[in-house]
Structures are given as C-alpha cells and as structure tokens.
Amino acid sequence: MIPADNEAGVPTSIRVRVSYATGADAELQCGSKPAAPILRLAAPVPDGGIGDGGAPLDGGAPPDGGAGIAGQWVKATDVDPRAATAWEFRATQPLPPQTTFELLDTAPAKCPCSGGGCKATPLAVFARFATGAGPDKIKPVFSGLIATTCEHRTCPVQSADCCGPFDHLQYTFFDAKDAADQNFVGLHLHLRRDDQKTYDFTHPVGPLTLTDPVDSPGATKWDTTLTPGTWHAIARAFDSSGNEDENVVEVSFVWPLAKDPLCAPRPDAGAPDRPDLATPLVDSAAPDLAKGPEGGGCTCTVGRGRGVGFRGAAALLFSLALALARRRRAERDGRS
C-alpha cells in the first residue's frame, strides 16, 4: 500500500495505491478480483471502521450525510494483471493538509485458494495515514534503461523446482538503478509502435520483463495488447504523487519475441547439450503462485501484505552481470 499504514507527513497530492496480490491467474481458483477499497476521513473514535465519523473520498456521501471529496479509483495498468490487482485513487484536488484518513475493504487477511474461493469479510479499516502541509511537485531523477536480454526459459511437466510446465522466451529490461526521489514508488514502461510518433503516457505497463508466450503461472504479462512489429520502450521513475522523470532513453524490441534478433538461437561453442541461448533457465517455484493444471510445486495464498514496495510487481531483477544466471521469482503475497 502507498502510503504505508500509519505513515505521517504524506503529500496532499498523494495518489493512494492499494495492490491486491492474488498470485498469477489466482482468480481462476480464488474468486473474482477485488473491487476498489474505500478511502475516507478517519473516524474520530476507533470503531472498527464501520462508524459514522468518516467521510468517503470516492465521490459518495458518508453515512452521516456530510460532503465527500471528489475523486475516483482507477485500476492501475503498470502491474502484471495476472499477479495483482492494483487500485489508485485520483482526487480532483489535493487532500486536506494535516488530516488523518483511513482505508477500508472487505478482503480477508489471508485466503488459501481452496474451498470455493475467498469469502468477503465485514467492512473494516486496514490502514490509516496522515497528510502533511502540502503537495509534492518535485519529479524523480533517473537515468533510464541501460540494456536488455532475452532468455529461453523451460520447465518440464511435474517438476518440483518450477511452476510449469512452460517453454517461453523472456525479454528483460535493465534499468540504471539510480532512481532517486523522496517519495519514490517505482518504474513505468511506456510503449509506442514503430509507426507511432509519440508515446502513450496514459497507459504505463510493467513489470520490466516480457514473456512470449504467456504459457504458465510463472510467465509475466503486460496490461496491453502487442501487435506484430517493432516496438520502442522508455522506462521512467515515478513517485507517490504521480510525478515522473523525463528521460528519453529508448530501447527497441520485436514482437513476437521469436522474431527479435536478441532472441534468435545462437551457437554455444560446440556444446551439444546447449543448442540455443545458452542454458535454458528454469524459474523456481514461488510460494503464492496459483497451481498450474499439471502441478509443478505451485501453491496459492492470497490476502494482505503490508509495507511492500511497488517497484517489482512480478519479480525482482538481478543486476546485469547476473542476467544469465538462474533467477528466483519473488511474487508478493497479499495487499501491498
């Protein structure tokens, strides 16, 4: 969650974000994806979040008939939609300064993906925060992308070491890792086709990996449809108020990935057991991935997570020097 629970001095320009991490394709086993939470003025007396002292900030009227603050929740596009559902509140004006707010929902704290899916709980407060004196108008500083790699990843049926089976290409975008900002949140990828002159900055995507095909719970996906051809990408750092840096470092790739020169099979110095792209890399099982149809050491638990950053929604990337080393997936569990 952004801001963190009990955080104080939050910019009045904050875009509150709540991410419900349900595991890849977990909605198939755990029920429908969660709706947006409720953001309101904090009740003056602790009441479990269901009293009449709070005024919602989603444009509706609070229980006691007071005026709400205009704004709306929008579904974020910069996370893997198979791994999480992220909601962001867009207020039409800055939040009141020096004010305490609370977030409520009906999501369970933990929910194993069995027994008919997750069941809603009574509406309750799960986090509170307090605004500071004013907005954040300072943009992050960031150098942008520095390299890309393409790997052939495989996992056999019934393997206990990976969440498969899968056989896909994975394209990774490496950033300079120098993003700096007092209220830094993460990185957005912005895309344009080769025949488009400008980027669509209204629809950022993530994570910094692209899989082709998306053939298992271990494969990442973007919240956009790629058409065949050459694409260009820019990564920009953003903060909790939606401010982005303005670097223009651009990289290009070809979709489908099998047609990208970086993904083409290459000689392996005469090693007969490694015919393409060096050693096929195998993803390790992550504890909250949805169980695939063929098994493969995958389980799924959903619910809330607290204090987890928003930078890597689907995986944590190793440094460029370890780009061809084995990488363990780091899926988040719960709301973050």
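Now for a quick tour of the structure. All figures in this text were calculated on a predicted structure; none of them were measured in a lab.

The rules behind each value
Residues numbered from 1 in each chain as written. Predicted model: local features only at pLDDT ≥ 70, side-chain atom pairs only at ≥ 80, totals over all residues. Heavy atoms only, no water. Helix = DSSP H or I, 4+ residues; strand = E, 2+ residues; numbered from the N terminus. Buried < 20%, exposed > 50% of the residue type's maximum accessible area, 1.4 Å probe, protein only. Contact = heavy atoms within 4.5 Å. Areas by Shrake-Rupley, 256 points an atom, 1.4 Å probe, with all protein chains shown as cover. Salt bridge = Lys/Arg side-chain N within 4 Å of Asp/Glu carboxyl O. Disulfide = S-S within 2.5 Å. Phe/Tyr/Trp six-rings, centres within 6.5 Å; stacked < 30°, edge-to-face > 60°. Pairing = 2+ DSSP bridges. Axes fitted to C-alpha atoms, helices over the stretch in contact; angles between N-to-C directions.

Examining the overall build of the chain
Okay, so step 1: When you go through the chain residue by residue, the secondary structure sums to one helix and 16 strands.
Okay, so step 2: Expressed as a percentage of its 336 residues, the buried residues of the chain come to 51%.
Okay, so step 3: For the chain, restricting intrachain contacts to residue pairs at least 6 apart in sequence, the fraction spanning at least 24 positions comes to 70%.
Okay, so step 4: If you sum the accessible surface of the chain, you get close to 14,800 Å²; carbon and sulfur atoms cover 56% of it.

Some words on the pattern of salt bridges
Pairing between side chains of opposite charge can happen when the charged atoms of each approach one another.
Okay, so step 1: Scanning the entire structure with this criterion turns up eleven salt bridges.
Okay, so step 2: A salt bridge links arginine 128 to glutamate 102; the shortest N-O distance between them is 3.2 Å. Taken as a pair, arginine 128 in strand β8 (residues 124-131) and glutamate 102 in strand β6 (residues 100-105) lie far apart in primary sequence, 26 residues in all.
Okay, so step 3: With relative accessibility at 0%, the residue glutamate 102 sits in the buried group.
Okay, so step 4: Of the charged contacts in the structure, one is a salt bridge between aspartate 175 and lysine 177, with a shortest N-O distance of 3.8 Å.
Okay, so step 5: Take aspartate 175: its relative accessible area is 4%, and that puts it in the buried class.
Okay, so step 6: Shared partners join several salt bridges into a network, and the residues in it are Arg15, Arg17, Asp78, Glu88 and Arg90.

Some remarks on the state of the cysteines
Okay, so step 1: In total, this model carries one disulfide according to the counting rule given.
Okay, so step 2: A disulfide bridge connects cysteine 150 with cysteine 263, and the sulfur atoms are separated by 2.0 Å. Here the disulfide of cysteine 150 and cysteine 263 is right-handed, its torsion about the S-S bond being about 105°. Remark: cysteine 263 occurs in the loop between β14 (251-255) and β15 (301-303) and cysteine 150 occurs in strand β9 (residues 145-155); sequence separation between them is 113 residues.

Some thoughts on the packing of aromatic side chains
Okay, so step 1: Applying the stated rule across the entire model yields eight aromatic pairs.
Okay, so step 2: Consider the rings of phenylalanine 173 and phenylalanine 253, whose centres lie 5.8 Å apart with planes at 80°: the pair is edge-to-face. Of this pair, phenylalanine 173 sits in strand β10 (residues 166-175) while phenylalanine 253 sits in strand β14, and the two are 80 residues apart along the sequence. Like phenylalanine 173, the residue phenylalanine 253 is buried in the burial classification.
Okay, so step 3: Ring centres of tyrosine 199 and phenylalanine 201 lie 5.9 Å apart, and the angle between their planes is 40°; this geometry places the pair in the tilted category.
Okay, so step 4: For tyrosine 199, a relative accessible area of 13% gives the class buried.
Okay, so step 5: Exposure remark for phenylalanine 201: the relative accessible area of 38% places this residue in the partly exposed category.
Okay, so step 6: By the ring-pair criterion, three or more aromatic residues cluster together here, those being Tyr171, Phe173, Trp222 and Phe253.

Side note on the sheet that holds β9
Okay, so step 1: If you trace the three strands from one edge of the open sheet to the other, you get β9-β10-β12, paired in antiparallel fashion. Edge positions in the sheet fall to β9 and β12 (209-212), since each of these pairs with one other strand and no more. Geometrically, the sheet is characterised by an average inter-axis angle of 20° between neighbouring strands, direction not taken into account.
Okay, so step 2: When β9 meets β10, the two strands line up antiparallel, connected through ten bridges. Bridged to threonine 149 within β10 is threonine 172.

Structural notes on the sheet that holds strand β1 (residues 7-10)
Okay, so step 1: With respect to topology, four strands assemble into an open sheet ordered β1-β8-β6-β3, the strand pairing being mixed. At either end of the open sheet lies a strand with only one pairing partner, and these are β1 and β3 (38-41). Averaged over all neighbouring strand pairs, the angle between strand axes comes to 30°, with direction disregarded.
Okay, so step 2: Pairing analysis gives four bridges linking β3 to β6, with the strands arranged antiparallel.

Note that all results are geometric; they support no functional claim without further evidence.
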